[in-house]
Amino acid sequence: MEQPFDLVIIWAGIIGFAVMMYVLMDGFDLGQGILYPFAPDDHSRDIMMNSVAPVWDGNETWLVLGGAGLLAAFPLVYSVFLPALYIGVFLMLAGLIFRGVAFEFRFKANSTRYLWDWAFAGGSFVAAFSQGAVVGAYVQGFETSNFIYVGGAFDWLTPFTIITGLGLVAGYALLGSTWLIMKTEGELQQWAYKITPILLIVVLFVFVLISLYTPFVDQGVLNRWFNGVSIIWLLPLLALYCAFLVFRAVKKQQEGVPFVATMGLFLFTYLGLLASKWPYIVPPDYTLWDAASAYESQLFLLLGFLFVIPFVLGYIAWSYYIFRGKVRGGYH
Amino acid sequence: MELDPLILSRIQFAFVVCFHAIFPVFTIGLASFVAVLEALSLKTGNPVWQRLSKFWIQVFAVVFGMGVVSGIVMSFQFGTNWSNFSYATANFLGPILSYEVITAFFLEAGFLGVLLFGRDKVPQGVHFFAALMVAVGTFISSFWILAANSALHTPDGLVMRDGLYYVSSWSDAIFNPSFGYRFLHMGVASFLTASFVVAGVTAWFVMQKREMEANKKALSIALWLILILAPAQVVIGDFHGLNTLEHQPTKVAAMEGNWETSTGVPLLLFAWPDQEAQENHFEIKIPKLASFILTHDWDGEVPGLKEVAPEEQPPVFIVFWAFRVMVGMGMLMVLFGLAGLLLRRKQRYLECKPFLNGLRVMSLSPFIAVLAGWIVTETGRAPWLIYEQMTHAQGLTPSLTGGMALFTLIGYILVYAMVFSAGVFYLMTVFRGGLETANTNHLDSAREKAQRPMSAANANLEGGL
């Protein structure tokens, strides 16, 4: 069919945007759960939970959008990734459920409160780890035949994906700690200042490990990065610059910069990863164009998207505005 | 024993859907009820409406919270267990489900925080607007999800090319032949669900003589709604049945337990359908009534199950009995609506203990009816996933093994059992606390508590206050 313009690129951008929105937004609230067991005291835990309470379920809506959007725009990704990551997806969902329920019940429980604390911390950790493992599995590639996943149930679980899983756990914890720097004050904020550099070092360590390892699992990645100097080298450099900004801001005790710079670190790392694989979306065999849905379907949804998403972003911003400012106090 | 991934996946999907479905069916109706209470409060300035609203917003918050966590599972379920189906139908289902997210979920999530925690942070008009948006969001959500579901029953506007569906007409595909009936049937079911829960809980308050001024008003509203909606639902259900007869005759044959296509078919009050023998045992019947109901002619022809091969028949026993459960619940609802009307003279409905106790029990009836109704319509489609086009077996994920399906099935059952028991237990605590607890502000200083759906409720999880 003659198509006036290539929607595949636009949709790659939209889905990429939705995934990034999810990672950044649910990242900082998952981070609260990951930091939970290490928090200075129970009062701090109350504040940590309060700081993300009004927004976390809106944040998770981006995950649902990512799932539905993939089905709409790149159904092959949806129908290969989910069967291939079957067990991992289940663990992620179970983690998200436990943690969601913990949000609701922790403040109402007295004698069973420690159970909900564990549910919140454990659920957040498992969800973050599974998501990190998904990233690793994507880098690794999937065994497919004739547009169908044909590998086994545990192909996604390798030493590499365990590293990426733990890497994302550390990354979300970093988003969480820099969020706390911005949203809290006093003792808890000082604690967040203290742990942020440690988390950042762990994240950079995993970052370097993955950067060294990735070219070895995939010849294409090796060629892309090492056949002559190209503009994509800018991405990891920008990521490292953001990491430097975080270090400096923490040292100067700035409040907003660490969170923003950490988001930058995530963004450039993410773009670097996509640049490695482009244009493969179901590596190693299928490109974005192989995975795309019908032109009319992409167009039908795009029209709605262009019309509705500005409103969506508008009232999300409004909701954040209403609950703005430092979070104080806790449950008594 | 060989584990069958197909059976296990079907059980898993049925379990997850049934578990999830009871929450939205309640929240859709309840969101509208809350919006009406907020509107009355805004318009009249009578504090009674706000007292009621504060209480029912608490209930809404708990149920909505459980609906959200169980709902996230749904959007991944198609891909994990039914990837062939998802891949084949993505050109249609993908955009439809995405529209649900961007037009409904974000709307709900965006305004929910303000509805639950923003009462003191925004003007009353804005707060009412948030309630309205949440209510509208729940309806938009059911619009899209029923469009998607109806398309599997009565596909239209779709063409198959090389194993994939393409949309030839979006309006035909969305407004497919059974969509309108389903949407109306579910919409009214949601209002009935909210009405019966409000009536049941309020009846209990009335028996205890608590907050009489407010609860009298709520009970009265609920009873008027039941009086109008329950009979209306019978009529809508009848039209929906006729539509099913036209498009899915085998499903109707299973609902009626009718094996042979024939005229003057009796209505079976009781029967024991035996699929192996292809006949019924122990029939108790009313002559010619099924023909009359379905064709409006005492000697009209009703299709039989034997029109199709036994392997293309749905599991008759389940469909037959689930249908009777649904209809039975509907009849009881109509009766309670009429009883309420009769007792209305001189406010006798506030005194009649058996009636109030009956309402308490009846608060479970809409959930039973809705689940039974879904079982009729979904099981009645078997073995078809997309009616007469794709079977369940063809839609299954090829790489799925029985062991994997069993593992996740057990996993979901365990996770949901914990969530559900905690949720129900907590809901009971909220009910016990009543309007009095909902309207105390001892935890209300804005930042003193978690600003979260269930945290909007002030009661304590272990039962204390």
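- In the annotation of an unreviewed UniProt entry, chain B is listed under the name Cytochrome bd2, subunit I and assigned to Methylophaga nitratireducenticrescens.

- Chain A appears in an unreviewed UniProt entry as Cytochrome bd2, subunit II from Methylophaga nitratireducenticrescens.
- Checking UniProt for chain A, the heading Subcellular location (unreviewed entry) contains the comment "Cell membrane".

## Examining the nonpolar core
- With 254 residues, the main nonpolar core has W11, F74 and Y172 of chain A together with F55, W56 and V59 of chain B as its most contacted residues.
- Sorting elements by how many residues they give to this core places helix α2 (residues 47–81) of chain B first, with 19 residues.
- Listed in part, the 10 residues of the second largest apolar core include M255, V319, F323 and V376 of chain B.

## Quick notes on the interface of chain B and chain A
- With 76 residues of chain B at the contact, the number on the chain A side is 72 residues.
- For the pair chain B and chain A, the summed buried surface comes to about 6,600 Å²; carbon and sulfur atoms form 73% of the total.
- Between the two partners, chain B and chain A, sit 0 salt bridges.
- Taken together, the links from chain B to chain A amount to 9 residue pairs in polar contact (both at pLDDT 80 or more).
- Breaking the side of chain B that touches chain A down by element, the ones donating at least two residues are α2, α3 (83–117), β2 (164–167), α5 (170–174) and α14 (402–438) of chain B.
- Per element, the largest residue contribution to the side of chain B that touches chain A is 25 residues, and it comes from α3 of chain B.
- A per-class count over the side of chain B that touches chain A returns 46 nonpolar, 24 polar and 6 charged.

## A look at the packing of helix α4 (residues 75–84) of chain A against α2 of chain B
- At their nearest, the axes of α4 of chain A and α2 of chain B sit 7 Å apart, and the two run at 85° to each other. What the angle tells us is that α4 of chain A and α2 of chain B run roughly perpendicular. Touching Y78, L82 and P83 of chain A of α4 of chain A are S75, F76, F78, G79 and T80 of chain B, all from α2 of chain B.

## Things to note about the packing of aromatic side chains
- Taken as a whole, this structure holds 57 aromatic pairs over all chains when the rule is applied.
- Measuring from centroid to centroid gives 5.0 Å for F55 of chain B and W56 of chain B, while their planes differ by 80°, and the two rings are edge-to-face. Residue F55 of chain B shares its accessibility class with W56 of chain B, and that shared class is buried.
- A network of ring pairs unites the aromatic residues F300 of chain A together with F92, Y99, F143, W144, W170, F175, F179 and F183 of chain B as a single cluster.
- It is R45 of chain A that lies over the ring of Y36 of chain A; its NZ or CZ is 6.0 Å from the centre.
- Between R324 of chain A and the ring centre of Y321 of chain A, over which it is positioned, the NZ or CZ distance is 4.1 Å.

## Considerations on the pairing of strand β4 (residues 267–274) of chain B
- Both β4 of chain B and strand β5 (residues 279–286) of chain B contribute to a ladder of 6 bridges, which runs antiparallel. In the strand pairing of β5 of chain B, W272 of chain B is matched with H281 of chain B.

## With respect to the packing of helix α1 (residues 7–35) of chain A against helix α2 (residues 42–52) of chain A
Residue and element names in this part refer to chain A.
- Put simply, α1 and α2 touch, their axes get as near as 9 Å, and they point 165° apart. If you check the angle between α1 and α2, you find them roughly antiparallel. Of the two elements, α1 crosses α2, and the hand of that crossing is left-handed. On the side of α1, the interface is formed by F28, D29, Q32 and L35, while α2 contributes M48, S51 and V52.
- Along the lines of polarity and charge, the residues of the contact of α1 with α2 split into 4 nonpolar, 2 polar and 1 charged.

## With respect to the side chain of T103 of chain B
All names here are of chain B.
- Within the secondary structure, T103 sits in helix α3.
- Among the polar contacts listed, one links the side chain of T103 to the backbone oxygen of Y99, at a separation of 2.5 Å.
- Here W144 takes part through its side chain, which lies 3.0 Å from a polar atom of the side chain of T103.

## A look at a nonpolar patch on the surface
- Judged by side-chain polarity, L269, F270, W272, F282, I284, I286, F317 and I318 of chain B come together as a nonpolar surface patch covering roughly 760 Å² of accessible area.
- As for its position among the elements, F270 of chain B is in strand β4.

## Section: the pattern of salt bridges
- Under the counting rule described, the total for this entry stands at 13 salt bridges over all chains.
- For R113 of chain A, the salt bridge goes to D42 of chain A, with nearest N and O atoms at 3.1 Å. With a gap of 71 residues between them, R113 of chain A in helix α6 (residues 113–140) and D42 of chain A in helix α2 connect regions that are remote in the sequence.
- Here R113 of chain A falls in the buried class, since its relative accessible area comes to 13%.
- Across the pair E38 of chain B and R119 of chain B runs a salt bridge whose closest N-O atoms are separated by 3.2 Å.

## Here we look at the environment of T178 of chain A
All names here are of chain A.
- Inspection of the secondary structure assignment puts T178 in helix α7 (residues 159–183).
- Note on T178: relative accessible area 0%, which makes it buried.
- The spacing of T178 and T196 is 18 residues in sequence and 6.8 Å in space, taken between C-alpha atoms.
- Reaching out from T178, the side chain makes a polar contact with the backbone oxygen of L174 at a distance of 3.0 Å.

About the criteria used
- Residues numbered from 1 in each chain as written.
- Chains lettered and ligands numbered in written order.
- Predicted model: local features only at pLDDT ≥ 70, side-chain atom pairs only at ≥ 80, totals over all residues.
- Heavy atoms only, no water.
- UniProt positions renumbered as here; feature names shortened; annotations may be inferred.
- Core = buried A, V, L, I, M, F, W, Y, C linked by side-chain atoms within 4.5 Å.
- Buried < 20%, exposed > 50% of the residue type's maximum accessible area, 1.4 Å probe, protein only.
- Helix = DSSP H or I, 4+ residues; strand = E, 2+ residues; numbered from the N terminus.
- Contact = heavy atoms within 4.5 Å.
- Buried area = accessible area lost by both parts, 1.4 Å probe.
- Salt bridge = Lys/Arg side-chain N within 4 Å of Asp/Glu carboxyl O.
- Polar contact = N/O pair within 3.5 Å; in protein donor to acceptor, adjacent residues only side chain to side chain.
- Nonpolar A, V, L, I, M, F, W, Y, C, P; charged D, E, K, R; others polar.
- Axes fitted to C-alpha atoms, helices over the stretch in contact; angles between N-to-C directions.
- Parallel < 35°, antiparallel > 145°, perpendicular 65-115°, else oblique.
- Phe/Tyr/Trp six-rings, centres within 6.5 Å; stacked < 30°, edge-to-face > 60°.
- Lys NZ or Arg CZ within 6 Å of the ring centre and 35° of its normal.
- Pairing = 2+ DSSP bridges.
- Left-handed = near helix turned anticlockwise from the far one by under 90°.
- Patch = residues over 30% accessible without salt bridge, like charges linked within 9 Å, V, L, I, M, F, W, Y side chains within 5 Å.
- Areas by Shrake-Rupley, 256 points an atom, 1.4 Å probe, with all protein chains shown as cover.

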